[in-house]
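Commentary on secondary and tertiary structure
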Amino acid sequence: MRYIIPLLVLLIIVFFLWQGLVKDSNLLPSPLINHAIPEFSARDLLKNHSILKKKIFLHHWTLLIVWSSWCLTCTEEQPFLLKLRKTPLISIYGLNYRDELNQAKLWLKKQDNPFQKIIFDPRGLLAIDLGVYGVPESYLIDPQGIIRYKYVGTLTSSVWLHNMAPIIKQAK
Amino acid sequence: MLRYMKKFLKKMLTSKLFLVTILFSPLTLAALHDLYSFDSLQKKNQFEQILYEMRCLVCQNQNLADSNAPLAKDLRLVIYQRLQNKQSKEKIKKYLVSRYGDFISFKPTFSLLNYCLWLSPFILLIVILLIFLFKIKKK
């Protein structure tokens, strides 16, 4: 009986230490979850004269992928994104971060283009407004333009199935 | 020879560019490779303060003043532009925290959760001491 209290205290301490080891402190939780996408005005990467604004995110679920042609791990997401493009559930938009127009276009030609629309953000200003701090990152946005989930890193089908798809299903 | 030197010196000292540089150099700040100029000393100090109090999220043990990362450079520019638009230091810091979370600030805000986190080791210490004293008293 006398051993129970020290054991409990030890277990509590061990729990916190284990959490410290397991959690990656480089991954920041986003404070923008359940907040609306901020207003913006940016060029469409592929359609030169088209200006994109916040309203492109309304009335449908969107997966916003932050990518660059100079980001090596972004290519790992491509096969998954190209598969996902076939789902009617969601629109896939790209946010081209701190990139050069021709390099980005070339990358899309080589890697194939899974995006229905691509926002060109060469100075990274919209990205800052979204709390982007690296590439690749992905945002799940609902039909009201609210950010529901953010994933930092290469998007895989596992993350999609376990973290993002349930949010969409729950909302229906 | 001396005459040419005198002429050159006179030209330099009366040139506007030279005068502007000398007179306004306290109001320019070099952050790594970028040069920022301000119209008041107060603004320049505020800029420096913000840079020292905000973390670089790419090189997470550096502040925005020291970091070479592209994101740090972008954030410096955003902060500079907001100061030029007469936003207060508090408003700018609030904006950055609203986008990146408490982690970006080296001085986190004191919410209830932060208080609990900070005080938990002390609370644990007190609890353990109390148990210890209780045990001694029993003997």
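Right above here is the structure, for reference.
Here's a quick rundown of the structure. From a predicted model like this one, the values you see are computed outputs, not experimental measurements.

Rules used throughout
- Each chain has its residues counted from 1, following the order in which its sequence is written.
- Following the order in which they are written, the chains are lettered starting with A and the ligands numbered starting with 1.
- Local features in a predicted model are, by the rule used here, given only for residues with pLDDT of at least 70; side-chain atom pairs are given and counted only at 80 or more, and totals for whole chains, interfaces and linings are based on all residues.
- A run of DSSP states H or I qualifies as a helix once it reaches four residues; a run of E qualifies as a strand once it reaches two. Both are numbered from the N-terminal end.
- Around each residue's C-beta, the other C-beta atoms within 10 Å are counted; 20 or more make the residue buried, 12 or fewer make it exposed, and counts in between make it partly exposed. All C-beta atoms are placed from the backbone.
- Contact between residues is assigned whenever the C-beta positions, reconstructed from backbone atoms, fall within 7 Å.
- DSSP calls a pair of strands paired once it identifies at least 2 bridges connecting them.
- Each axis is a line fitted through C-alpha atoms, and for a helix only the stretch in contact is used; angles between axes span 0 to 180 degrees, taken between their N-to-C directions.
- Polar here means any residue outside two lists: the nonpolar Ala, Val, Leu, Ile, Met, Phe, Trp, Tyr, Cys and Pro, and the charged Asp, Glu, Lys and Arg; Gly therefore counts as polar.
- Take the residue count of a helix, subtract one, and multiply by 1.5 Å to get its expected span.
- Take the buried Ala, Val, Leu, Ile, Met, Phe, Trp, Tyr and Cys residues, join any whose C-beta atoms are within 7 Å, and the set you get is a nonpolar core.
- By the criterion used throughout, a crossover qualifies as right-handed when its path from the first strand across the helix to the second strand runs clockwise, the strands pointing away from the viewer.

Some remarks on the overall build of chain A
The secondary structure content of chain A amounts to 5 helices and 7 strands. When the helices and strands of chain A are placed in sequence order, the string is α-β-β-β-α-β-α-β-α-β-β-α. If one aligns the C-alpha atoms of chain A with their principal axes, the spans along those axes are about 75 × 35 × 30 Å. Scored against the burial criterion, the 172 residues of chain A give a buried share of 32%. The long-range share in chain A, meaning contacts at least 24 apart out of those at least 6 apart in sequence, stands at 72%.

Side note on the sheet that holds strand β4 (residues 91-97) of chain A
Residue and element names in this part refer to chain A. With mixed pairing, 7 strands are arranged side by side in an open sheet as β2-β1-β5-β4-β3-β6-β7. Taken across any chain shown, the strands that pair with only one partner, and hence form the sheet edges, are β2 (51-53) and β7 (147-152). The mean angle between the axes of side-by-side strands here comes to 30°, regardless of whether they run parallel or antiparallel. Here strand β3 (residues 62-67) runs beside β4; their pairing, made up of 6 bridges, is parallel. The partner of W67 across the bridge, within β4, is N96. Packing against the sheet, helix α5 (residues 157-171) makes contact with β6 (137-141) and β7, and its axis sits at approximately 170° to β7.

Quick word on the interface of chain A and chain B
With 14 residues of chain A at the contact, the number on the chain B side is 14 residues. Taken together, the residues of the side of chain A that touches chain B sort by class into 7 nonpolar, 5 polar and 2 charged.

Things to note about helix α1 (residues 4-22) of chain A
Across its 19 residues, α1 of chain A extends 26 Å between first and last C-alpha, which sits within 8% of the 27 Å expected from 1.5 Å per residue. For α1 of chain A, the tally of buried residues reaches only 0 of 19 residues, placing the bulk of the element at the surface.

Looking at the pairing of strand β1 (residues 41-44) of chain A
Residues and elements named next belong to chain A. The pairing of β1 with β2 spans 3 bridges and is antiparallel. By the bridge assignment, R43 is partnered in β2 with I51. Where β1 hands over to β2, the hairpin turn is made up of 6 residues, counted between the paired strands. Pairing of β1 with strand β5 (residues 117-121), which is carried by 2 bridges, proceeds in the antiparallel orientation. From the neighbouring strand, R43 faces β5, where its bridge partner is F120.

Points about the nonpolar core
I65, V66, L95 and A127 of chain A are the most contacted members of the largest nonpolar core, which has 56 residues in total. The contact partners of A127 of chain A, leaving out residues within four places of it in the chain, are V66, L95, Y97, D121 and V132 of chain A.

Some points on the pairing of β4 of chain A
Within a regular strand, the side chains alternate between the two sheet faces. All names here are of chain A. Counting buried residues along β4, 6 of its 7 residues qualify, which places the element largely inside the surrounding structure. The parallel pair β3 and β4, bridged by helix α2 (residues 74-84), forms a crossover whose chirality is right-handed. On the question of chirality, the crossover connecting β4 to the parallel β5 by way of helix α3 (residues 101-111) is right-handed.

Notes on unusual backbone geometry
Residue and element names in this part refer to chain A. The step from V135 to P136 runs through a cis peptide bond, and the omega angle for that step is -5°. Secondary-structure assignment places P136 in the loop between α4 (125-129) and β6. The phi torsion at H59 lies on the positive side, around 75°, for a residue other than glycine. Among the structural elements, H59 can be located in the loop between β2 and β3. Residue classification places H59 among the exposed residues on the basis of 11 C-beta atoms within 10 Å. Even without being a glycine, D112 presents a positive backbone phi close to 75°. With respect to the helices and strands, the residue D112 is situated in the loop between α3 and β5. Residue D112 is classed as exposed on the basis of its C-beta count, with 12 C-beta atoms lying within 10 Å.

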